[in-house]
Amino acid sequence: MRKNEDALFYENGAFRKRGMTMQTGFPEVKKKLGFGAMRLPMIGEKVDLAAFSKMVDLFLSEGFNYFDTAHPYLNGESELALREALTSRYPREAYLLANKLTAPYFDQESDIRPFFEKQLQWCGVSYFDFYLMHAQNLGNYDKFQRCHAYETAFALKKEGKIRHVGLSFHDKAEVLERILGDHPDVEFVQIQMNYIDMESTAVDARRVYETCLRFHKPVIVMEPVKGGSLVKLPPKAQHLFDTLQQGAYPKASNASYAIRFVAGHEGIFMVLSGMSTLSQVADNTSFMKDFKPLTDKEKRTLDGVVEVFSQLDAVPCTACRYCIEENHCPKKIPIPDIFSLLNSMRVFNNHNANFYYENVVTANAGKASDCILCGACEHVCPQHLTIRKFLKEAAATFEEPKKG
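Just so it is clear, the model here is predicted, and its values are computed rather than measured.

Thresholds applied
Residues numbered from 1 in each chain as written. Predicted model: local features only at pLDDT ≥ 70, side-chain atom pairs only at ≥ 80, totals over all residues. Heavy atoms only, no water. Helix = DSSP H or I, 4+ residues; strand = E, 2+ residues; numbered from the N terminus. Rg over C-alpha atoms; globule rule 2.2 N^0.38 Å. Buried < 20%, exposed > 50% of the residue type's maximum accessible area, 1.4 Å probe, protein only. Core = buried A, V, L, I, M, F, W, Y, C linked by side-chain atoms within 4.5 Å. Domains from an automatic or database assignment. Contact = heavy atoms within 4.5 Å. Axes fitted to C-alpha atoms, helices over the stretch in contact; angles between N-to-C directions. Parallel < 35°, antiparallel > 145°, perpendicular 65-115°, else oblique. Left-handed = near helix turned anticlockwise from the far one by under 90°. Nonpolar A, V, L, I, M, F, W, Y, C, P; charged D, E, K, R; others polar. Pairing = 2+ DSSP bridges. Salt bridge = Lys/Arg side-chain N within 4 Å of Asp/Glu carboxyl O. Buried area = accessible area lost by both parts, 1.4 Å probe.

A. Representation of the overall build of the protein chain within the structure. A tally of helices and strands in the protein chain yields 15 helices and 12 strands. Over its C-alpha trace the protein chain gives a radius of gyration of 22 Å, about what one expects of a compact globule, namely 22 Å for 404 residues. Overall size of the protein chain, expressed as C-alpha extent along the three principal axes, is 65 × 60 × 55 Å. Counting across all 404 residues of the protein chain, residues that qualify as buried make up 52%.

Written as C-alpha coordinates, this is what we have:
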(Lines give C-alpha, C1' and ligand atoms only; values in the text may rest on other atoms or scores of the structure.)
Protein backbone atom coordinates (compact mmCIF):
# COMPACT_ATOMS: atom_id res chain seq x y z
CA MET A 1 0.00 0.00 0.00
CA ARG A 2 1.01 3.62 -0.47
CA LYS A 3 2.31 5.77 2.34
CA ASN A 4 -0.50 8.31 1.91
CA GLU A 5 -3.21 5.83 2.85
CA ASP A 6 -5.73 8.45 3.93
CA ALA A 7 -6.04 9.85 0.39
CA LEU A 8 -7.55 6.72 -1.15
CA PHE A 9 -8.76 3.42 0.22
CA TYR A 10 -9.14 0.00 -1.31
CA GLU A 11 -12.62 -1.47 -1.70
CA ASN A 12 -13.96 -4.21 -3.95
CA GLY A 13 -10.88 -4.26 -6.16
CA ALA A 14 -10.62 -0.49 -6.58
CA PHE A 15 -9.23 2.58 -4.90
CA ARG A 16 -11.64 5.31 -3.82
CA LYS A 17 -11.30 8.77 -2.41
CA ARG A 18 -13.00 8.80 0.97
CA GLY A 19 -16.58 9.96 0.81
CA MET A 20 -16.84 10.14 -2.98
CA THR A 21 -16.47 8.26 -6.26
CA MET A 22 -13.82 9.50 -8.63
CA GLN A 23 -15.42 11.35 -11.56
CA THR A 24 -13.95 11.29 -15.07
CA GLY A 25 -15.07 14.72 -16.24
CA PHE A 26 -15.79 13.45 -19.75
CA PRO A 27 -19.58 13.40 -20.13
CA GLU A 28 -19.26 13.05 -23.90
CA VAL A 29 -17.99 9.49 -23.42
CA LYS A 30 -21.07 7.28 -23.77
CA LYS A 31 -19.74 3.89 -22.66
CA LYS A 32 -16.52 2.38 -21.30
CA LEU A 33 -15.46 0.41 -24.38
CA GLY A 34 -13.25 2.07 -26.99
CA PHE A 35 -12.31 0.85 -30.47
CA GLY A 36 -8.52 0.59 -30.73
CA ALA A 37 -7.65 0.92 -34.43
CA MET A 38 -4.31 -0.88 -34.44
CA ARG A 39 -5.37 -4.47 -35.28
CA LEU A 40 -7.79 -3.87 -38.14
CA PRO A 41 -8.82 -6.40 -40.82
CA MET A 42 -6.23 -6.29 -43.59
CA ILE A 43 -5.89 -7.19 -47.25
CA GLY A 44 -2.17 -7.32 -47.72
CA GLU A 45 -0.77 -4.06 -46.34
CA LYS A 46 -4.06 -2.16 -46.71
CA VAL A 47 -7.05 -2.10 -44.40
CA ASP A 48 -10.09 -4.02 -45.59
CA LEU A 49 -12.33 -0.96 -45.67
CA ALA A 50 -15.53 -2.88 -46.40
CA ALA A 51 -15.04 -5.09 -43.35
CA PHE A 52 -13.87 -2.21 -41.17
CA SER A 53 -16.88 -0.08 -42.16
CA LYS A 54 -19.25 -2.83 -41.00
CA MET A 55 -17.38 -3.00 -37.70
CA VAL A 56 -17.66 0.78 -37.26
CA ASP A 57 -21.37 0.67 -38.08
CA LEU A 58 -22.05 -2.04 -35.50
CA PHE A 59 -19.94 -0.33 -32.84
CA LEU A 60 -21.80 2.96 -33.23
CA SER A 61 -25.22 1.33 -33.52
CA GLU A 62 -24.69 -0.34 -30.13
CA GLY A 63 -24.18 3.04 -28.48
CA PHE A 64 -20.36 3.26 -28.34
CA ASN A 65 -18.48 6.26 -29.69
CA TYR A 66 -14.75 6.25 -28.79
CA PHE A 67 -12.08 5.47 -31.43
CA ASP A 68 -8.32 5.46 -30.84
CA THR A 69 -5.49 5.67 -33.36
CA ALA A 70 -1.88 6.81 -33.81
CA HIS A 71 0.24 7.44 -36.90
CA PRO A 72 2.51 4.39 -36.38
CA TYR A 73 -0.48 2.05 -36.32
CA LEU A 74 -0.46 -0.09 -39.47
CA ASN A 75 2.23 2.19 -40.96
CA GLY A 76 -0.14 5.14 -41.22
CA GLU A 77 -3.03 3.12 -42.63
CA SER A 78 -5.07 3.29 -39.42
CA GLU A 79 -5.65 7.04 -39.63
CA LEU A 80 -6.58 6.82 -43.32
CA ALA A 81 -8.95 3.93 -42.67
CA LEU A 82 -10.75 5.90 -39.96
CA ARG A 83 -11.26 8.73 -42.43
CA GLU A 84 -12.80 6.37 -44.97
CA ALA A 85 -14.86 4.17 -42.63
CA LEU A 86 -15.81 6.68 -39.90
CA THR A 87 -15.22 10.40 -40.27
CA SER A 88 -16.39 10.70 -43.91
CA ARG A 89 -19.51 8.64 -43.21
CA TYR A 90 -20.79 10.02 -39.91
CA PRO A 91 -21.43 13.53 -38.52
CA ARG A 92 -18.67 14.82 -36.21
CA GLU A 93 -20.86 14.67 -33.11
CA ALA A 94 -21.46 10.93 -33.62
CA TYR A 95 -17.99 9.85 -32.48
CA LEU A 96 -14.97 10.73 -30.33
CA LEU A 97 -11.54 10.42 -31.89
CA ALA A 98 -8.23 10.06 -30.05
CA ASN A 99 -4.83 10.44 -31.68
CA LYS A 100 -1.25 10.71 -30.43
CA LEU A 101 2.03 12.58 -30.80
CA THR A 102 4.73 9.94 -31.31
CA ALA A 103 8.43 10.63 -30.71
CA PRO A 104 9.91 9.56 -34.10
CA TYR A 105 7.79 12.11 -35.96
CA PHE A 106 9.32 15.26 -34.51
CA ASP A 107 12.85 16.41 -33.66
CA GLN A 108 12.19 19.94 -32.48
CA GLU A 109 9.31 22.08 -31.30
CA SER A 110 8.66 23.54 -34.74
CA ASP A 111 7.98 20.04 -36.14
CA ILE A 112 5.00 19.34 -33.90
CA ARG A 113 2.34 21.62 -35.36
CA PRO A 114 2.93 20.59 -39.01
CA PHE A 115 2.74 16.93 -38.01
CA PHE A 116 -0.43 17.56 -36.00
CA GLU A 117 -2.07 19.34 -38.97
CA LYS A 118 -1.24 16.34 -41.17
CA GLN A 119 -2.87 14.05 -38.64
CA LEU A 120 -6.05 16.11 -38.84
CA GLN A 121 -5.98 15.76 -42.64
CA TRP A 122 -5.22 12.03 -42.55
CA CYS A 123 -8.15 11.48 -40.19
CA GLY A 124 -10.45 13.90 -42.00
CA VAL A 125 -11.35 16.02 -38.96
CA SER A 126 -10.84 19.60 -37.79
CA TYR A 127 -10.07 18.67 -34.18
CA PHE A 128 -9.28 15.67 -31.96
CA ASP A 129 -11.39 14.93 -28.91
CA PHE A 130 -8.45 13.35 -27.10
CA TYR A 131 -4.77 13.86 -27.90
CA LEU A 132 -2.02 11.94 -26.14
CA MET A 133 1.71 12.26 -25.66
CA HIS A 134 2.46 8.77 -26.96
CA ALA A 135 4.25 5.91 -25.14
CA GLN A 136 5.82 8.07 -22.46
CA ASN A 137 8.78 6.56 -20.65
CA LEU A 138 12.06 7.68 -19.16
CA GLY A 139 13.79 7.21 -22.49
CA ASN A 140 11.67 9.66 -24.51
CA TYR A 141 10.23 12.02 -21.90
CA ASP A 142 13.21 14.38 -22.03
CA LYS A 143 12.63 14.83 -25.76
CA PHE A 144 8.99 15.77 -25.17
CA GLN A 145 10.19 18.21 -22.53
CA ARG A 146 12.93 19.71 -24.68
CA CYS A 147 10.53 20.21 -27.59
CA HIS A 148 7.76 21.65 -25.37
CA ALA A 149 5.37 18.98 -26.64
CA TYR A 150 2.98 19.24 -23.70
CA GLU A 151 2.87 23.03 -23.92
CA THR A 152 2.19 22.84 -27.67
CA ALA A 153 -0.68 20.42 -27.12
CA PHE A 154 -2.30 22.69 -24.54
CA ALA A 155 -1.87 25.64 -26.92
CA LEU A 156 -3.69 23.64 -29.58
CA LYS A 157 -6.40 22.96 -27.03
CA LYS A 158 -6.87 26.70 -26.49
CA GLU A 159 -7.23 27.05 -30.25
CA GLY A 160 -10.04 24.48 -30.29
CA LYS A 161 -8.08 21.80 -32.16
CA ILE A 162 -7.87 19.47 -29.15
CA ARG A 163 -10.55 18.97 -26.52
CA HIS A 164 -8.58 16.94 -23.94
CA VAL A 165 -4.82 16.46 -23.50
CA GLY A 166 -3.38 13.32 -21.91
CA LEU A 167 -0.61 10.77 -22.23
CA SER A 168 -0.10 7.05 -22.78
CA PHE A 169 2.45 5.46 -20.52
CA HIS A 170 4.92 2.54 -20.50
CA ASP A 171 7.27 2.70 -17.53
CA LYS A 172 7.50 2.52 -13.75
CA ALA A 173 5.27 4.42 -11.34
CA GLU A 174 8.07 6.78 -10.31
CA VAL A 175 8.42 8.03 -13.89
CA LEU A 176 4.69 8.69 -14.15
CA GLU A 177 4.80 10.57 -10.86
CA ARG A 178 7.53 12.81 -12.28
CA ILE A 179 5.55 13.51 -15.46
CA LEU A 180 2.33 14.31 -13.63
CA GLY A 181 4.26 16.52 -11.22
CA ASP A 182 5.77 18.43 -14.16
CA HIS A 183 2.43 18.67 -15.99
CA PRO A 184 -0.44 18.86 -13.50
CA ASP A 185 -2.83 20.02 -16.25
CA VAL A 186 -2.74 16.60 -17.95
CA GLU A 187 -6.36 15.46 -18.00
CA PHE A 188 -6.06 11.66 -18.25
CA VAL A 189 -3.56 8.81 -18.47
CA GLN A 190 -3.62 5.70 -20.66
CA ILE A 191 -1.91 2.66 -19.12
CA GLN A 192 -1.33 -1.04 -19.78
CA MET A 193 -3.41 -3.04 -17.33
CA ASN A 194 -4.86 -6.55 -17.21
CA TYR A 195 -5.39 -9.24 -14.62
CA ILE A 196 -2.01 -10.82 -15.34
CA ASP A 197 0.11 -7.64 -15.36
CA MET A 198 -1.26 -6.25 -12.10
CA GLU A 199 1.66 -7.65 -10.10
CA SER A 200 4.26 -7.63 -12.89
CA THR A 201 7.47 -5.96 -11.73
CA ALA A 202 8.24 -4.93 -15.31
CA VAL A 203 4.91 -3.44 -16.40
CA ASP A 204 4.24 -2.22 -12.83
CA ALA A 205 0.52 -2.02 -13.60
CA ARG A 206 -0.85 -1.80 -10.07
CA ARG A 207 1.55 0.91 -8.90
CA VAL A 208 1.08 2.89 -12.12
CA TYR A 209 -2.70 2.64 -11.69
CA GLU A 210 -2.46 3.74 -8.06
CA THR A 211 -0.33 6.72 -9.13
CA CYS A 212 -3.07 7.82 -11.54
CA LEU A 213 -5.61 7.69 -8.75
CA ARG A 214 -3.35 9.48 -6.29
CA PHE A 215 -3.01 12.33 -8.80
CA HIS A 216 -6.78 12.13 -9.49
CA LYS A 217 -6.29 11.38 -13.19
CA PRO A 218 -9.00 9.42 -15.01
CA VAL A 219 -7.62 6.29 -16.66
CA ILE A 220 -7.82 4.68 -20.10
CA VAL A 221 -6.74 1.03 -20.20
CA MET A 222 -4.87 -0.52 -23.13
CA GLU A 223 -3.97 -4.20 -23.54
CA PRO A 224 -6.82 -5.50 -21.35
CA VAL A 225 -6.52 -8.91 -23.02
CA LYS A 226 -2.71 -8.69 -23.26
CA GLY A 227 -2.55 -8.56 -27.04
CA GLY A 228 -5.00 -11.47 -27.30
CA SER A 229 -3.03 -13.68 -24.89
CA LEU A 230 -5.96 -13.83 -22.48
CA VAL A 231 -8.35 -15.08 -25.17
CA LYS A 232 -6.72 -18.38 -26.11
CA LEU A 233 -5.79 -19.84 -22.73
CA PRO A 234 -3.78 -22.89 -21.66
CA PRO A 235 -6.01 -25.95 -21.09
CA LYS A 236 -5.85 -25.77 -17.28
CA ALA A 237 -6.87 -22.10 -17.32
CA GLN A 238 -9.62 -22.71 -19.86
CA HIS A 239 -10.96 -25.51 -17.68
CA LEU A 240 -11.51 -23.01 -14.86
CA PHE A 241 -13.70 -20.83 -17.09
CA ASP A 242 -15.52 -23.87 -18.46
CA THR A 243 -16.23 -25.04 -14.90
CA LEU A 244 -17.45 -21.57 -13.95
CA GLN A 245 -20.00 -21.64 -16.77
CA GLN A 246 -21.48 -25.04 -15.99
CA GLY A 247 -25.21 -25.30 -15.45
CA ALA A 248 -27.23 -22.11 -15.55
CA TYR A 249 -24.27 -19.76 -15.16
CA PRO A 250 -24.18 -17.28 -18.08
CA LYS A 251 -21.89 -18.23 -20.95
CA ALA A 252 -19.22 -15.61 -21.68
CA SER A 253 -16.06 -15.21 -23.74
CA ASN A 254 -12.58 -15.20 -22.23
CA ALA A 255 -12.15 -11.65 -23.48
CA SER A 256 -15.23 -10.55 -21.55
CA TYR A 257 -13.71 -11.51 -18.20
CA ALA A 258 -10.48 -9.66 -18.99
CA ILE A 259 -12.20 -6.48 -20.16
CA ARG A 260 -14.72 -6.45 -17.31
CA PHE A 261 -11.88 -6.96 -14.81
CA VAL A 262 -10.22 -3.65 -15.71
CA ALA A 263 -13.48 -1.80 -16.43
CA GLY A 264 -14.65 -2.51 -12.89
CA HIS A 265 -11.79 -0.58 -11.29
CA GLU A 266 -12.39 2.91 -9.96
CA GLY A 267 -11.29 5.79 -12.15
CA ILE A 268 -11.36 3.78 -15.40
CA PHE A 269 -13.43 5.69 -17.93
CA MET A 270 -12.35 3.81 -21.06
CA VAL A 271 -11.09 0.33 -21.95
CA LEU A 272 -9.58 -0.02 -25.42
CA SER A 273 -9.93 -3.21 -27.41
CA GLY A 274 -8.03 -3.73 -30.65
CA MET A 275 -10.74 -5.45 -32.65
CA SER A 276 -10.06 -7.05 -36.03
CA THR A 277 -13.30 -8.91 -36.82
CA LEU A 278 -17.02 -8.16 -36.77
CA SER A 279 -17.56 -11.02 -34.31
CA GLN A 280 -15.14 -9.40 -31.85
CA VAL A 281 -17.07 -6.15 -32.05
CA ALA A 282 -20.33 -8.03 -31.50
CA ASP A 283 -18.95 -9.88 -28.49
CA ASN A 284 -17.32 -6.89 -26.81
CA THR A 285 -20.30 -4.59 -27.25
CA SER A 286 -22.71 -7.28 -25.99
CA PHE A 287 -21.24 -7.36 -22.47
CA MET A 288 -20.11 -3.73 -22.29
CA LYS A 289 -23.40 -2.23 -23.45
CA ASP A 290 -24.87 -2.66 -19.98
CA PHE A 291 -21.63 -3.12 -18.09
CA LYS A 292 -21.61 -5.18 -14.90
CA PRO A 293 -18.46 -5.64 -12.78
CA LEU A 294 -17.14 -9.11 -12.09
CA THR A 295 -18.91 -11.13 -9.43
CA ASP A 296 -16.97 -12.55 -6.48
CA LYS A 297 -17.18 -15.98 -8.09
CA GLU A 298 -15.72 -14.65 -11.33
CA LYS A 299 -12.93 -12.88 -9.44
CA ARG A 300 -12.00 -16.12 -7.71
CA THR A 301 -11.87 -17.83 -11.09
CA LEU A 302 -9.51 -15.16 -12.41
CA ASP A 303 -7.31 -15.69 -9.37
CA GLY A 304 -7.14 -19.34 -10.37
CA VAL A 305 -6.24 -18.46 -13.95
CA VAL A 306 -3.42 -16.23 -12.70
CA GLU A 307 -2.16 -19.12 -10.59
CA VAL A 308 -2.18 -21.43 -13.62
CA PHE A 309 -0.08 -18.97 -15.60
CA SER A 310 2.34 -18.60 -12.71
CA GLN A 311 3.02 -22.35 -12.84
CA LEU A 312 3.79 -22.53 -16.55
CA ASP A 313 7.25 -22.57 -18.15
CA ALA A 314 8.38 -19.53 -16.22
CA VAL A 315 11.23 -18.38 -14.05
CA PRO A 316 9.98 -18.90 -10.45
CA CYS A 317 11.19 -15.49 -9.37
CA THR A 318 9.22 -13.87 -6.54
CA ALA A 319 10.65 -10.40 -7.21
CA CYS A 320 12.03 -10.12 -3.69
CA ARG A 321 14.86 -8.06 -5.26
CA TYR A 322 17.53 -9.37 -2.91
CA CYS A 323 19.69 -10.04 -5.96
CA ILE A 324 19.94 -6.34 -6.82
CA GLU A 325 19.90 -4.76 -3.39
CA GLU A 326 23.08 -3.52 -1.68
CA ASN A 327 24.97 -3.57 -4.99
CA HIS A 328 24.88 -7.36 -5.23
CA CYS A 329 24.90 -6.98 -9.01
CA PRO A 330 28.00 -5.01 -10.07
CA LYS A 331 26.54 -4.44 -13.56
CA LYS A 332 23.25 -2.98 -12.25
CA ILE A 333 21.15 -5.52 -14.13
CA PRO A 334 17.43 -5.30 -13.15
CA ILE A 335 17.19 -9.06 -12.75
CA PRO A 336 13.59 -9.44 -11.44
CA ASP A 337 12.19 -7.13 -14.11
CA ILE A 338 14.03 -8.98 -16.87
CA PHE A 339 12.70 -12.30 -15.57
CA SER A 340 9.18 -10.88 -15.54
CA LEU A 341 9.53 -10.00 -19.23
CA LEU A 342 11.08 -13.38 -20.02
CA ASN A 343 8.04 -15.01 -18.43
CA SER A 344 5.76 -12.78 -20.48
CA MET A 345 7.40 -14.07 -23.66
CA ARG A 346 7.41 -17.72 -22.55
CA VAL A 347 3.90 -17.86 -21.18
CA PHE A 348 2.07 -15.46 -23.50
CA ASN A 349 4.38 -15.12 -26.50
CA ASN A 350 3.79 -11.44 -25.84
CA HIS A 351 6.11 -9.44 -28.10
CA ASN A 352 5.31 -6.25 -26.21
CA ALA A 353 7.98 -7.57 -23.87
CA ASN A 354 10.60 -6.62 -26.46
CA PHE A 355 9.54 -2.97 -26.18
CA TYR A 356 9.64 -3.02 -22.39
CA TYR A 357 13.04 -4.73 -22.38
CA GLU A 358 14.65 -2.17 -24.67
CA ASN A 359 12.86 1.03 -23.70
CA VAL A 360 11.94 0.60 -20.05
CA VAL A 361 13.66 -2.14 -18.08
CA THR A 362 17.19 -1.83 -19.54
CA ALA A 363 17.01 1.70 -20.94
CA ASN A 364 19.06 3.07 -18.06
CA ALA A 365 20.39 -0.15 -16.55
CA GLY A 366 22.42 -3.21 -17.43
CA LYS A 367 21.24 -5.69 -20.04
CA ALA A 368 21.10 -9.43 -19.52
CA SER A 369 24.17 -9.83 -21.73
CA ASP A 370 26.16 -7.56 -19.40
CA CYS A 371 26.26 -10.33 -16.77
CA ILE A 372 29.89 -11.15 -15.82
CA LEU A 373 28.91 -14.48 -14.21
CA CYS A 374 30.18 -13.44 -10.78
CA GLY A 375 27.36 -15.32 -9.04
CA ALA A 376 26.78 -12.72 -6.32
CA CYS A 377 23.07 -12.67 -7.14
CA GLU A 378 22.71 -16.42 -6.71
CA HIS A 379 24.35 -16.38 -3.28
CA VAL A 380 21.56 -14.17 -1.90
CA CYS A 381 18.58 -15.61 -3.83
CA PRO A 382 16.04 -17.13 -1.38
CA GLN A 383 14.65 -19.30 -4.21
CA HIS A 384 18.14 -20.61 -5.09
CA LEU A 385 17.56 -19.79 -8.76
CA THR A 386 20.21 -20.36 -11.40
CA ILE A 387 20.08 -16.65 -12.22
CA ARG A 388 23.10 -16.67 -14.53
CA LYS A 389 21.50 -19.35 -16.71
CA PHE A 390 18.21 -17.45 -16.92
CA LEU A 391 20.05 -14.23 -17.81
CA LYS A 392 21.72 -16.04 -20.72
CA GLU A 393 18.27 -17.15 -21.87
CA ALA A 394 16.97 -13.60 -21.56
CA ALA A 395 19.88 -12.26 -23.62
CA ALA A 396 19.16 -14.84 -26.30
CA THR A 397 15.47 -13.92 -26.25
CA PHE A 398 15.67 -10.13 -26.28
CA GLU A 399 19.08 -9.26 -27.71
CA GLU A 400 20.61 -11.85 -30.01
CA PRO A 401 17.88 -11.74 -32.71
CA LYS A 402 18.65 -8.04 -33.18
CA LYS A 403 22.33 -8.70 -33.88
CA GLY A 404 21.70 -10.65 -37.04
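Resuming the write-up.
B. Examining the nonpolar core more closely. In this structure, Phe 67, Leu 167 and Tyr 195 are the most contacted members of the largest nonpolar core, which totals 115 residues. Considering every element that reaches this core, the biggest residue donor is helix α12 (residues 335-348), with eight residues. When residues of this core are assigned to domains, at least three fall in each of domain 1 (23-309) and domain 2 (322-399). When near neighbours in sequence (up to four residues on either side) are disregarded, Leu 167 contacts Leu 132, Met 133, Gln 136, Tyr 150, Leu 176, Ile 179, Leu 180, Val 186, Phe 188, Val 189 and Gln 190. Within the second largest apolar cluster, 12 residues are counted, among which are Phe 26, Val 29, Phe 188 and Leu 272.

C. Here's a closer look at the packing of helix α9 (residues 254-263) against helix α10 (residues 278-288). Running from N to C, α9 and α10 point in directions that differ by 45 degrees, and their axes come no closer than 10 Å. Classified by the angle between their axes, α9 and α10 sit oblique to one another. Taken as a pair, α9 and α10 cross one another with a handedness that is right-handed. Together, Ala 255, Ser 256, Ile 259, Arg 260 and Ala 263 of α9 and Asp 283, Asn 284, Phe 287 and Met 288 of α10 make up the contact between the two elements. A per-class count over the contact of α9 with α10 returns five nonpolar, two polar and two charged.

D. Examining the sheet that holds strand β6 (residues 66-68) more closely. With parallel pairing, eight strands are arranged side by side around a closed barrel as β3-β6-β7-β8-β9-β10-β11-β12. Recorded for the sheet is a direction-independent mean angle of 30 degrees between the axes of neighbouring strands. In this structure, strand β3 (residues 33-36) lies alongside β6, joined through three bridges in parallel fashion. Its bridge partner lying in β6, Gly 34 is registered against Tyr 66. Sitting on the sheet, helix α6 (residues 173-182) is in contact with β8 (128-136), β9 (162-169) and β10 (189-192), with an inclination near 155 degrees to β9. Contacting β11 (219-222) and β12 (268-273), α9 runs over the sheet at an angle of about 155 degrees to β12.

E. The pattern of salt bridges, seen in detail. This structure, assessed with the given rule, holds 27 salt bridges. Where Asp 68 meets Lys 100, a salt bridge forms, and the shortest distance between an N and an O atom there is 2.7 Å. Note that Asp 68 is positioned in strand β6 and Lys 100 in strand β7 (residues 96-101), a separation of 32 residues in sequence. There is no split in this pair, since Asp 68 and Lys 100 are both buried. Glu 117 serves as the salt-bridge partner of Lys 161, at 2.6 Å between the closest nitrogen and oxygen.

F. Geometry of the domain arrangement of the protein chain. In terms of domain boundaries, the protein chain breaks down into domain 1 (23-309) and domain 2 (322-399). Centre-to-centre separation of domain 1 and domain 2, based on C-alpha positions: 29 Å. Opposite the 17 residues of domain 1 that make contact, domain 2 presents 15 residues. Interface of domain 1 and domain 2: buried area, both sides summed, is about 1300 Å²; carbon and sulfur atoms make up 55% of it. Where Asp 337 meets Lys 172, a salt bridge forms, and the shortest distance between an N and an O atom there is 2.8 Å. The class makeup of the residues in the side of domain 1 that touches domain 2 is seven nonpolar, six polar and four charged.

G. Examining the pairing of β3 more closely. Every second residue of β3 is oriented toward a common face, with Leu 33 and Phe 35 on one face and Gly 34 and Gly 36 on the other, all of them buried. As judged from the three bridges shared by β3 and β12, these two strands associate in the parallel manner. Note that in β12 the partner of Gly 34 across the bridge is Leu 272.

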